[in-house]
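In case you want the letters, here they are:
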Amino acid sequence: MDWSAGTVRLLTEPVAWPEADRPRRAGVSSFGISGTNAHTIIEQAPEAEQPAGVAEERPWTAPVVPWVLSGRSEQAVRAQAARLAAFLDGEPGASAADLGLSLATTRAAFEHRAVVLGTDYDALRAGVSTRAHDGALMISGVVTEGRTGWMFTGQGSQRIGMGRELYGAYPAFAEALDEVCEHLQAALDGATEFPVPVREVLFAAAGSAEAELLDHTGYAQTALFAVQVALVELLRSWGTAPDVVLGHSVGEFVAAYTAGVFGVADAARLVAGRARLMQALPSNAGGSGSDSADGGGGRRAGGAMAAIEGSEDEVAEILTGLGAHIAIAAVNGPRSVVVSGDEVAVERAMATAREQDRRASRLRVSHAFHSPLMEPMLAEFAEIAASITYRQPNLPALSTVTGGLVGEEDWATPDYWVRQVRRPVRFHDAIENATRTQGVTRLLEVGPDPVLTTLAQSALDVAAVSALREGCDEAVTVLTAVAELFVRGVEVDWGAYFAGAGGRRVDLPTYAFQRQRFWLPDLAVSRRDAPGTADGGEAAFWDLVERGDADALAGRLGVGPAAPLDAVLPMLSDWRKRQREQSELAGRQYRITWKPVPRRATARLSGTWLVAVPSETGAAYDDVVQALRASGAEVIVVPVADADTRESLATRFRAEDAEPTGVVSLLTSTVTTLLLVQALADSGTGARVWCVTRSAVSLGSGERLANPEGAQLWGLGRTVALEQPDRWGGLIDLPDDADERSLARLAPVLAATDGEDQVAVRPSGVFGARLVRDTAASDDTDSWWPRGTVLVTGGTGALGGHVARWLASSGAERLLLVSRRGAEAPGADELRCELADLGAEVAFAACDVGDRAAVREVLDAIPEEAPLTGVVHTAGVLDDGPATELTPDGLPASSRRRRTPPAICTS
């Protein structure tokens, strides 16, 4: 390029770019060494216009300020925090709201996220600094797949003052609460049971007469409805919304309102009518009106409710014969059921439950909700329900009447809401369907306290948070819940949160890119024999020499401190040779480690699954069978006895009508497991076999094995996997006392198609086996040097002889070689001479190491002057062959089922 022909010149220093009457434009060209070229023209962005209506927002001060960070990786988020912390140290003069607005609206939201919450600038600055240096942050997480469900709390969670702090902190909440309270008051106007407006009761002083009214059914239901609707509108104002909704009892009305089934006026009229009619029924004076929470109390005049431990079928059996005035009111969990009805019948049900060693507790209630005692109000409530305008829900919803997905004839019909008063609340079915069929992995409880959150977390593997919590700052709690969902992938309009708060956009540090070099590194070749160079082992040795530490040097060489130089020199040569060998082998060593493997909690099984169980203890495996059935599989249990043969099992598999989708083996014997695999191949079944063990592998040094013999099954499984990859599914290890959460993870592992065939399921998650380099450095000071007598079982065999030669060459003083024939074994004399030439005394013993008494005699004969210092077990039975041809007798003795396993006893 002829630079002198025009006005273009290379810049060697910063030059001011003058303003013009048009946007600035710059051309950039990049020429890559590999031939990749990139050319672009960048134009100056237009001046940002203030959105219409922003200046008209009701001014307010954010009670809690969120600072949002995100990155492509956890390291990037950490670096972002470090950059922001350094930026704040420069005292830019921006307010907490300015920084919060700028972080929220001028930065992209990547999958790794963190949110620092604080009430003032200093708290936020300290939070960012902590995140940058220590990794501690109030809220952080990674975006996950799945949908978000909102669940609405039922009666019993109400508390005095709920929503009071939100009312004073967030205008959107206050406006929504005022509106719904006006509609409720209009519907309740003239009702003698409601002498005080709902909002006055809701925000009454603790201990006042008005506050006591909140425990009455009428006020409890209407106040809960008002607070939950206001929470919905507050969350919507921040740009967040649910994918799925469900509600417990009166909370289901708020769920339907959220899904657009009816407007706030109609919803308030329907809830007010329900509350008024229930309040008019005979009641228990002083009751709290709880239809979803546990409590206690004495005799009541208007019916009673009780929580009983057990499944729905078990509790229904208890109610048999107690009359028509008692019924199941709620199924809150797999073993959490509430009964409701006539007080005498409820007390009899509790007594029967306690006789069966079940927990039973009386609930502190004013009415027997969801029971036959509600029937007197149904006709009048049906008239109110018929006057409401309904629409079909605009998002998926779960019915707590049916437990399934809401259909066209459910929420949008008056009859549904009448039945909802009387029918039991099937919360457990609804929440299970939400997670398993609707893909919900995140749950938000919209209510005054985490009641449903606790139930969901105890039964399901989901992330569940509550919008409010008693005793906690409401503004902080609700924003914490939103942040918890945001870091897991929920969409939040943080800019809308700051609307009207007076924040302004300020310049922020640029993104902390995590740069990675992709060019080939420079190859530095070093010669081991180059002058002045030494590996780590040699450097350590010469360090000892230079320090003159004779004792340490002798210990490293493996000789006594008083050894003469002619004894030390050969040791120096051997030591240097070992160091070189270890250096060469260091990069060739591998070990097994366990890494987390993500699994979708919503994955389900389909088709028919055969489950092989030991016939004598089949009932012990019911938990696995039930877990597979709960995940959608049709399970056929196949008992396998010790007397079964390959042929008998193959005949049984051929007799099955359906072709199985998969086979799960819960067998604990290597023999029966081998026969199972062979029989499935013989029967022509194409399904893959999964072997499930319990506490047979350890994920780390801190995990103790309950069934180490199960490692034999893992050895067999790896053999089958190599020989029959098209027939083998994999190995799964469960905890010995697997809980429901661990069992629920079994189906996603079986349903996965990513090739993970060595998996360990633990309460903390699912882990897959990985082969990694073992870079741990060896240390001669920790090495074992043979002294005294070393016993070798199978000592006259090929493997035992090889070990004996190594021991002798390593300095073993006396070798005791044990085998069935002892000194009479072929080649024993030649081996004795060879070992003697290496400097070892040799003794033979004829003994079956499976005979405990015989082993004891051998050990007792060891001389005191050469005590036993080590045992090397090389005895074994070898019968090579593929798994398809192997017979039970051909399995190594160590893997056979024996009443008395081989044992080595030492004094």
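Here the structure is a predicted model, which is why all the values come from computation and not from measurement.

1. Side note on unusual backbone geometry
Then comes step 1: In this structure, Ser249 takes a positive phi of about 55° despite not being glycine.
Then comes step 2: Among the secondary structure elements, Ser249 is positioned in the loop between strand 7 (244-247) and helix 9 (251-258).
Then comes step 3: On the basis of relative accessible area, Ser249 is assigned to the buried category, the value being 0%.
Then comes step 4: Its identity as a non-glycine residue notwithstanding, Ser695 has a phi of 50°, on the positive side.
Then comes step 5: Its location among the elements puts Ser695 in the loop between strand 18 (688-694) and helix 25 (711-723).

2. Here we look at the packing of helix 10 (residues 264-280) against helix 13 (residues 378-386)
Then comes step 1: Remark: helix 10 packs on helix 13, axes separated minimally by 9 Å, with the N-to-C direction vectors making an angle of 170°. Considering their axes alone, helix 10 and helix 13 lie roughly antiparallel with respect to each other. Across the interface between the two elements, Arg269, Leu270, Gly273, Arg274, Arg276 and Leu277 of helix 10 pack against Glu380, Phe381, Ile384 and Ala385 of helix 13.
Then comes step 2: Across the contact of helix 10 with helix 13, the residue classes tally to five nonpolar, one polar and four charged.

3. Re the confidence of the model for the protein
Then comes step 1: Predicted confidence across the protein gives a mean pLDDT of 83, with 84% of residues reaching 70 or more.
Then comes step 2: For the protein, per-element mean pLDDT is lowest for helix 19 (residues 536-547), which scores 63, and highest for helix 9, which scores 96.
Then comes step 3: Counted against residues more than four places away or in other chains, residues 522-533, with its pLDDT under 50, gives five contacts.

4. A short note on the sheet that holds strand 21 (residues 765-773)
Then comes step 1: Pairing is mixed in the open sheet, where eight strands are placed in the order 14-21-20-19-18-17-15-16. With one partner strand each, in any of the chains shown, strand 14 (590-596) and strand 16 (634-640) form the two edges of the open sheet. Averaged over all neighbouring strand pairs, the angle between strand axes comes to 25°, with direction disregarded.

5. Re the side chain of His112
Then comes step 1: Residue position: His112 is located in strand 4 (residues 112-118).
Then comes step 2: Ignoring sequence-local partners within four residues, the contact set of His112 consists of Leu69, Ser70, Gly71, Arg72, Ser73, Glu74, Val77, Gly141 and Val142.

6. Focus on the pairing of strand 24 (residues 841-846)
Then comes step 1: Examined bridge by bridge, strand 23 (residues 814-819) and strand 24 share six bridges and lie parallel to one another. Residue Leu817 lies in a different strand from strand 24, and its bridge partner there is Phe844.
Then comes step 2: Between strand 23 and its parallel partner strand 24, the chain crosses via helix 29 (residues 828-837), and the hand of that crossover is right-handed.

7. Examining the packing of helix 5 (residues 171-188) against helix 8 (residues 217-237)
Then comes step 1: Where helix 5 meets helix 8, the axes come as close as 8 Å, and the angle between the chain directions of the two elements is 145°. When the axes of helix 5 and helix 8 are compared, the crossing they make is right-handed. Within the contact between the two elements, helix 5 uses Ala172, Phe173, Ala176, Leu177, Val180, Cys181, Leu184 and Leu188 and helix 8 uses Thr222, Phe225, Ala226, Val227, Val229, Ala230, Leu231, Glu233, Leu234 and Ser237.
Then comes step 2: Its residues assigned to classes, the contact of helix 5 with helix 8 comprises 15 nonpolar, two polar and one charged.

8. Observations regarding the pattern of salt bridges
Then comes step 1: Within this structure, the stated rule accounts for 33 salt bridges.
Then comes step 2: Between Arg335 and Glu314 there is a salt bridge, with the nearest N and O atoms lying 3.2 Å from each other. Of this pair, Arg335 sits in the loop between strand 9 (326-333) and strand 10 (336-341) while Glu314 is found in helix 11 (residues 312-319), placing the two residues 21 residues apart along the sequence.
Then comes step 3: As a salt-bridge pair, Asp682 and Arg646 come within 2.6 Å of each other at their nearest N and O atoms. Residue Asp682 is located in helix 24 (residues 670-683), and its partner Arg646 is located in helix 23 (residues 646-655); the two are separated by 36 residues in the primary sequence.
Then comes step 4: When its relative accessible area of 34% is taken as the criterion, Asp682 is described as partly exposed.
Then comes step 5: Arg646 sits in the partly exposed class, given a relative accessible area of 21%.
Then comes step 6: Among the ionic contacts, a cluster of salt bridges with common partners joins Glu312, Arg426 and Asp429.

9. So, the sheet that holds strand 5 (residues 139-142)
Then comes step 1: With respect to topology, three strands assemble into an open sheet ordered 3-4-5, the strand pairing being antiparallel. Across the chains shown, the open sheet's two edge strands, defined by having one partner strand only, are strand 3 (65-71) and strand 5. Between one strand axis and the next, the sheet turns through 15° on average, direction left out of account.
Then comes step 2: Note that strand 4 and strand 5 share four bridges and pair antiparallel. Following the sheet pairing, Val115 is matched in strand 5 by Ile139.
Then comes step 3: Most of the contacts of helix 1 (residues 74-89) go to strand 3, to which it runs at about 130°, and overall it touches strand 3 and strand 4.

10. Remarks on the nonpolar core
Then comes step 1: Grouped together as the largest cluster of nonpolar side chains are 142 residues, with contacts concentrated most on Trp67, Tyr170, Phe262, Leu270, Trp411 and Trp417.
Then comes step 2: In terms of residue count, helix 8 provides more of this core than any other element does, 12 residues in total.
Then comes step 3: Those residues within four positions of Trp417 in sequence are excluded, and the remaining contacts are Glu252, Phe253, Ala256, Phe262, Leu270, Phe381, Tyr390 and Trp411.
Then comes step 4: Listed in part, the 34 residues of the second largest apolar core include Leu667, Ala687, Trp714 and Ala769.

11. What to know about the environment of Arg358
Then comes step 1: Tracing the backbone through its elements, the reader meets Arg358 in the loop between helix 12 (343-355) and strand 11 (360-362).
Then comes step 2: Judged by relative accessible area, Arg358 falls into the buried class, the value being 16%.
Then comes step 3: Sequence separation between Arg358 and Ile308 is 50 residues, and the spatial gap between their C-alpha atoms is 7.0 Å.
Then comes step 4: For Arg358, the residues in contact, after removing those within four places along its chain, are Glu309, Gly310, Glu314, Ile318, Arg335 and Ala353.

About the criteria used
- Residues numbered from 1 in each chain as written.
- Predicted model: local features only at pLDDT ≥ 70, side-chain atom pairs only at ≥ 80, totals over all residues.
- Heavy atoms only, no water.
- Helix = DSSP H or I, 4+ residues; strand = E, 2+ residues; numbered from the N terminus.
- Buried < 20%, exposed > 50% of the residue type's maximum accessible area, 1.4 Å probe, protein only.
- Axes fitted to C-alpha atoms, helices over the stretch in contact; angles between N-to-C directions.
- Parallel < 35°, antiparallel > 145°, perpendicular 65-115°, else oblique.
- Contact = heavy atoms within 4.5 Å.
- Nonpolar A, V, L, I, M, F, W, Y, C, P; charged D, E, K, R; others polar.
- pLDDT = per-residue confidence, 0-100.
- Pairing = 2+ DSSP bridges.
- Right-handed = clockwise from strand over helix to strand, strands pointing away.
- Left-handed = near helix turned anticlockwise from the far one by under 90°.
- Salt bridge = Lys/Arg side-chain N within 4 Å of Asp/Glu carboxyl O.
- Core = buried A, V, L, I, M, F, W, Y, C linked by side-chain atoms within 4.5 Å.

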